[in-house]
Every structure is written in structure tokens, then in C-alpha cells.
Amino acid sequence: MNILVVGGAGYIGSHAVRFLLAAGHRVTVYDNLSRGHRESIPEDSLVVGELTDREKLVGLLRDRGIEAVMHFAAFALVNESVSNPSEYYCNNVIASLELLEAMKEAGVRKIVFSSTTATYGEADTMPISEDAPQRPISPYGFTKLVIERALSDYANAYGFGYVALRYFNAAGAHPDGTIGEDHDPESHLIPVVLQVALGQRESITIYGDDFPTPDGTCLRDYIHVDDLASAHVRALELIETGRGLFANLGTGRGTSVLEVIESCRRITGHPIPVVMGKRRAGDPAELIADNRRAKELLDWDPKYRDIDGIVETAWKWHKSHPHGFASKAASQS
């Protein structure tokens with residue numbers, strides 16, 4: 001198929017591009033590079049542009065004979081969405097609706113949407129199933145929920161077919177160490193802990209050790225980025241016009257903050273000093289996926305089942321690229 005990957009130069013998008021190409025699909029990446037990296041994807045696949053440039057996007061969809069779209073072009077920092085909600089509503093809602101309108105105009109009706117567990121907010125039960133109430137507590141989570149609802153409405157009114165995949169905690173890197181996580185600022189736990197091992201931070205702060213969990217620290221469901229990417233490729237096969245599907249992507253297992261730090265100590269051989277801090281407002285004690293729907297419908301099963309395997313791939317990336325993709329540019333200068 002001819003696939004347009006919007007936001008394909010970002011962390012998860014670039015891994016999906018690798019899997020799409022390996023599966024024999026023809027891929028065009030559309031990205032404004034505000035948070036993505038051109039070094040993460042084949043140069044000949046990239047078209048730089050904005051989702052709000054309707055004329056350019058419609059022309060691209062038609063000229064490349066695009067049959068389906070994968071949408072990763074969202075801002076995804078919860079704290080940032082709270083402090084700067086306008087940026088999130090403009091990028092995650094308005095620009096996404098522009099994409100849907102461009103698709104409608106160009107006659108492209110199939111889309112795989114990158115959604116999030118943040119649409120659930122503070123869940124009442126664990127693990128979280130797709131039928132759990134969606135009560136987002138951040139602008140980020142709400143903007144994703146808005147587009148989920150828009151997809152449902154576009155399916156009913158215009159015959160769109162979609163799969164919305166709700167991620168839990170994306171982590172890790174491609175096992176060959178050539179692409180991985182590179183955010184500025186970095187807020188995800190594993191890369192922040194590995195920055196301590198690299199000598200870029202003195203310590204890691206744990207925000208609360210009094211949660212109702214076995215060791216008192218938060219439990220999260222860490223899902224390897226390659227497992228996310230493989231699920232997206234499988235989702236293409238399930239898209240039917242006029243219908244939609246929602247599915248959680250997680251391992252179904254929780255790993256605590258302390259367990260992540262211990263894993264990073266094992267893999268890196270670094271002591272990784274810890275500073276204990278207070279809880280952050282809105283941090284749930286645990287977030288774990290009920291992934292049965294993804295397993296059944298996508299015929300998908302996470303390859304990376306334990307935290308050490310995930311951390312090992314992340315460490316290979318960060319060790320060889322201590323400053324992210326800028327490391328490659330610096331080595332070539």
C-alpha cells in the first residue's frame with residue numbers, strides 16, 4: 001500500500017516507518033520537523049510541511065496515490081499541555097481536523113490514529129480495558145479524545161475507516177541502536193535515568209514512595225516502541241470503511257519506578273543515585289493495560305515482555321547517541 005505517515009520523523013513514527021518499509025509498503029513521511037528528526041528516516045521519504053497547509057497536503061495525497069494514513073503528529077507532554085494548552089489544542093485538535101478534511105477532499109478514507117491511555121484519566125479498575133470510562137485529566141488526554149470522537153463521526157458521516165491505538169508507556173529503541181528516543185526536554189523515565197548513567201544528570205528524582213503499590217512507587221505498563229510499530233502495521237489490515245476500532249497497546253504487566261531504576265543499574269553497571277521527592281499532582285498509582293483486544297483482533301503479542309529487554313535497547317541507543325541525533329551530526333563535523 002501507499003502509506004502517508006504524518007509525524008513520521010518522531011520517536012514512534014520513525015519506528016513505524018521502519019516496520020512499514022520492511023513489510024513492503026511504500027512510505028511517504030510528512031513532518032514539520034518541529035519535534036521530529038530527519039536523520040531518523042530515509043531522506044527520500046520525507047516531505048516537510050504543515051498539516052494546516054490544506055492545498056499541499058491534498059496535492060500530496062493525490063500525487064502519491066495514498067491509500068491510508070498513519071497519524072503520529074501530536075504533542076504528547078502532559079505537563080506541557082497543562083501549562084500551555086493553546087499549543088495542544090492548535091496542534092492536536094485543529095491540525096488533526098485539517099488532516100481529516102484533506103483526506104476527505106482527496107478521497108482517502110483509511111487512517112490509523114496514535115491515541116493514548118491518557119484518555120482514560122484516573123481509571124477505577126486495573127487493568128484498564130477499552131470499555132473503561134474516558135475521563136481525561138489533562139489537555140493532552142482531552143485533545144486525543146476529541147480526535148477519537150471526530151474519527152467516529154467521520155466514519156458515520158463520510159465513510160472513514162479507522163483504528164485508534166491507545167498507548168501505555170512507550171519505551172526502548174530499535175535494537176540496532178540507529179534510532180531511538182530524542183526529546184527536548186526529556187521527560188520519560190527510562191531516558192532520564194539513563195542520562196544519570198551517562199553523567200548528564202547527578203541523580204534521578206522519584207516522585208513519591210507512598211503509593212499503594214508493592215514498593216510504594218508508581219506502576220506503569222512499559223511497551224517497547226517496536227511492539228507499538230508492529231501493531232500499527234497489523235492495524236492496516238483491519239481498517240474497514242465506515243467502521244472504527246479502538247485497542248489498548250501494552251504488555252498487561254506493571255513495572256514500578258524503583259524496578260525501572262534497578263533495571264537501568266543492572267544494564268549500565270552504574271549506581272544511579274536516587275533522590276526522593278513528593279508526589280506530583282495527578283499521578284495515578286498504577287496504569288496497566290488490558291491488551292486482550294489487541295491480541296485477538298490484531299493477532300499481536302508484545303515481543304518485549306520484561307523491563308530489562310526494553311532498557312537494554314534504550315541503553316544501546318543512548319550510549320551510542322548521548323546527545324540524541326545531534327551526536328551523529330557532531331561526529332561528522
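Scope of this entry: the structure provided in the associated data block. Fair warning: this is a prediction, and the values are worked out from it, not measured in the lab.

With that settled, the discussion passes to the environment of tyrosine 88. In this fold, tyrosine 88 is placed in helix α4 (residues 85-106). Taking C-alpha positions, tyrosine 88 is 6.6 Å from tyrosine 140, a pair spaced 52 residues apart along the chain. Other than its neighbours up to four places away in sequence, tyrosine 88 contacts Arg35, Phe75, Ala76, Leu77, Glu80, Ser81, Val93, Tyr140 and Thr143. A distance of 2.5 Å separates a polar atom in the side chain of tyrosine 88 from a polar atom in the side chain of glutamate 80.

In this section: helix α8 (residues 257-268). With 12 residues, α8 ought to run about 16 Å at 1.5 Å a step, and its terminal C-alpha atoms sit 17 Å apart, in line with that. On its buried face, α8 sits against α6 (189-197), β8 (204-207), β10 (222-224), β12 (255-256), β13 (274-277) and α10 (307-320). The first or second residue beyond α8 is glycine 269, which carries a positive phi of 75°.

Turning next to the side chain of serine 81. When you line up the elements, serine 81 lands in helix α3 (residues 78-83). Polar side-chain contacts of serine 81 include one of 2.7 Å to the backbone oxygen of valine 78. If sequence neighbours within four positions are ignored, serine 81 has contacts with Tyr88, Ser138, Pro139 and Tyr140.

What follows concerns the packing of α6 against α8. Interaxial distance between α6 and α8 falls to 10 Å at its minimum, and their mutual angle equals 45°. The pairing of α6 with α8 is recorded here as oblique in orientation. Judged by the sense of rotation from one axis to the other, the crossing of α6 with α8 is right-handed. Together, Leu189, Ile190, Val193, Leu194 and Ala197 of α6 and Val257, Val260, Ile261, Cys264 and Thr268 of α8 make up the contact between the two elements. Its residues placed into classes, the contact of α6 with α8 shows nine nonpolar, one polar and no charged.

Bringing the sheet that holds strand β5 (residues 110-116) into the picture now. The strand order across the open sheet built from seven strands is β3-β2-β1-β4-β5-β6-β11, with neighbouring strands paired in parallel fashion. The open sheet terminates on both sides in strands that have one partner only, identified here as β3 (46-48) and β11 (244-249). Taking the axes of each pair of neighbouring strands and ignoring which way they run, one obtains an average angle of 20° across the sheet. As paired elements, strand β1 (residues 2-6) and strand β2 (residues 26-31) share five bridges and run parallel to each other. When the sheet's bridge partners are listed, leucine 4 is paired in β2 with threonine 28. Against the sheet, helix α2 (residues 54-63) contacts β1, β2, β3 and β4 (68-71), and its axis sits at roughly 175° relative to β2. Packed on one face of the sheet, helix α5 (residues 139-158) meets β5, β6 (161-167) and β11 and runs near 155° to β5.

About the thresholds
Residues numbered from 1 in each chain as written. Predicted model: local features only at pLDDT ≥ 70, side-chain atom pairs only at ≥ 80, totals over all residues. Heavy atoms only, no water. Helix = DSSP H or I, 4+ residues; strand = E, 2+ residues; numbered from the N terminus. Contact = heavy atoms within 4.5 Å. Polar contact = N/O pair within 3.5 Å; in protein donor to acceptor, adjacent residues only side chain to side chain. Expected span 1.5 Å × (residues − 1). Axes fitted to C-alpha atoms, helices over the stretch in contact; angles between N-to-C directions. Parallel < 35°, antiparallel > 145°, perpendicular 65-115°, else oblique. Left-handed = near helix turned anticlockwise from the far one by under 90°. Nonpolar A, V, L, I, M, F, W, Y, C, P; charged D, E, K, R; others polar. Pairing = 2+ DSSP bridges.

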